[in-house]
Amino acid sequence: FIIKFTADLHDAGYVAKKNFSKMLKPSLKKEIKKNAAKIVQHLRKADVTSLKDLLLKKRKRIERLLRHDPLTPGEVHETRKRIKKIYYLQEILHPRKKGFVTNDQFQELLGKWHDGVILVNGLTRFQKNHQWKAREINSLKALIERVTSKNEKLLQSINKMKNSYS
């Protein structure tokens, strides 16, 4: 069943990529790159003080969220999204400088937890949408339980490590 799940997932990804690439003509790709370069150029000229204020404001929102003890899965997900926004904005503005997001281990932990959530959701949907033999169902349920257990441990680690972010 895992092989079938992986094959189905691969096929779906391949089809989506193929359909997307069909939509993108070389001239559109060139235009997107040109516009992206212009946007980055304008962002780099932006008022540094305003940008620092924006980043500080976003960081304070994250810090307020991290004060919740313990974090719920929803709060972990929201924290992860907010940190990524700061990280990518920071990368656009100053790609080679250290900035507001300093704890890569924390971001990695958030990412692993999120990957587990996505995997459990995908496996659960996959389980519901296919007919299985009893042995296969038991194996799939055991896998879901293992991933869920690992995610619970990751959530505990996130709650322990969250103070190192601020």
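On a predicted model such as this, the values are computed, not experimentally measured, just so you know.

Focus: the overall build of the protein chain
Part 1 of the argument: Counting its secondary structure elements, the protein chain contains six helices and zero strands.
Part 2 of the argument: Along the protein chain, helices and strands appear, N-terminal first, in the series α-α-α-α-α-α.
Part 3 of the argument: Within the protein chain, the fraction of its 166 residues that count as buried is 28%.
Part 4 of the argument: Within the protein chain, counting contacts between residues at least 6 apart in sequence, those at least 24 apart form 72% of the total.
Part 5 of the argument: Carbon and sulfur atoms make up 57% of the accessible area of the protein chain, which totals about 12,100 Å².

Some remarks on unusual backbone geometry
Part 1 of the argument: The residue after Asp 69, namely Pro 70, is reached through a cis peptide bond having omega -5 degrees.
Part 2 of the argument: Inspection of the secondary structure assignment puts Pro 70 in the loop between α3 (48-66) and α4 (73-93).

What about the side chain of Glu 75?
Part 1 of the argument: Residue placement: Glu 75 occurs in helix α4.
Part 2 of the argument: Excluding anything up to four places from it in sequence, Glu 75 contacts Leu 65, His 68 and Pro 70.

A short note on the pattern of salt bridges
Part 1 of the argument: Overall, the coordinates contain three salt bridges when judged by the stated rule.
Part 2 of the argument: When the shortest N-O distance is used, the salt bridge between Arg 59 and Glu 63 registers 2.9 Å. Residue Arg 59 and its partner Glu 63 are both found in helix α3; the two are separated by four residues, about one turn of the helix.
Part 3 of the argument: A salt bridge links Glu 78 to Arg 82, with the nearest nitrogen and oxygen atoms 3.0 Å apart. With Glu 78 and Arg 82 both in helix α4 and four residues apart, this pair spans about one turn of that helix.

Re the environment of Pro 70
Part 1 of the argument: Using a relative accessible area of 56% as the deciding quantity, one classes Pro 70 as exposed.
Part 2 of the argument: The spacing of Pro 70 and Gln 156 is 86 residues in sequence and 8.2 Å in space, taken between C-alpha atoms.
Part 3 of the argument: Excluding its chain neighbours within four sequence positions, the residues that come into contact with Pro 70 are Glu 75 and Asn 159.

Some details on the nonpolar core
Part 1 of the argument: In this structure, Val 76, Phe 106, Leu 110, Trp 113 and Ile 158 are the most contacted members of the largest nonpolar core, which totals 15 residues.
Part 2 of the argument: Of all the secondary-structure elements, those providing two or more residues to this core are α3, α4, α5 (104-128) and α6 (134-165).
Part 3 of the argument: Setting aside chain neighbours within four positions, we find Val 76 in contact with Leu 71, Leu 110, Trp 113, Leu 155 and Ile 158.
Part 4 of the argument: Formed by eight residues, the second largest nonpolar core is a distinct cluster that contains Phe 126, Trp 132, Leu 143 and Ile 144.

Describing the confidence of the model for the protein chain
Part 1 of the argument: The predicted model of the protein chain averages 80 in pLDDT, with 84% of residues at 70 or higher.
Part 2 of the argument: Within the protein chain, the lowest mean pLDDT, 70, falls on helix α1 (residues 2-23), and the highest, 86, falls on α5.

Topic: a positive patch on the surface
Part 1 of the argument: On the surface, a cluster of positive charge is contributed by Lys 57, Lys 60, Arg 61, Arg 64 and Arg 67.
Part 2 of the argument: Along the chain, Arg 61 turns up in helix α3.
Part 3 of the argument: For Arg 61, a relative accessible area of 34% gives the class partly exposed.

Notes on the environment of Ile 86
Part 1 of the argument: As for its placement among the helices and strands, Ile 86 is situated in helix α4.
Part 2 of the argument: Note on Ile 86: relative accessible area 0%, which makes it buried.

Description of the side chain of His 114
Part 1 of the argument: Within the secondary structure, His 114 is located in helix α5.
Part 2 of the argument: Accessibility expressed as a relative area gives 13% for His 114, which makes it buried.
Part 3 of the argument: Ignoring sequence-local partners within four residues, the contact set of His 114 consists of His 77 and Arg 80.

What counts and how
Residues numbered from 1 in each chain as written. Predicted model: local features only at pLDDT ≥ 70, side-chain atom pairs only at ≥ 80, totals over all residues. Heavy atoms only, no water. Helix = DSSP H or I, 4+ residues; strand = E, 2+ residues; numbered from the N terminus. Buried < 20%, exposed > 50% of the residue type's maximum accessible area, 1.4 Å probe, protein only. Contact = heavy atoms within 4.5 Å. Areas by Shrake-Rupley, 256 points an atom, 1.4 Å probe, with all protein chains shown as cover. Salt bridge = Lys/Arg side-chain N within 4 Å of Asp/Glu carboxyl O. Core = buried A, V, L, I, M, F, W, Y, C linked by side-chain atoms within 4.5 Å. pLDDT = per-residue confidence, 0-100. Patch = residues over 30% accessible without salt bridge, like charges linked within 9 Å, V, L, I, M, F, W, Y side chains within 5 Å. Lys, Arg positive; Asp, Glu negative; His and termini not counted. Charge placed at Lys NZ, Arg CZ, Asp CG, Glu CD.

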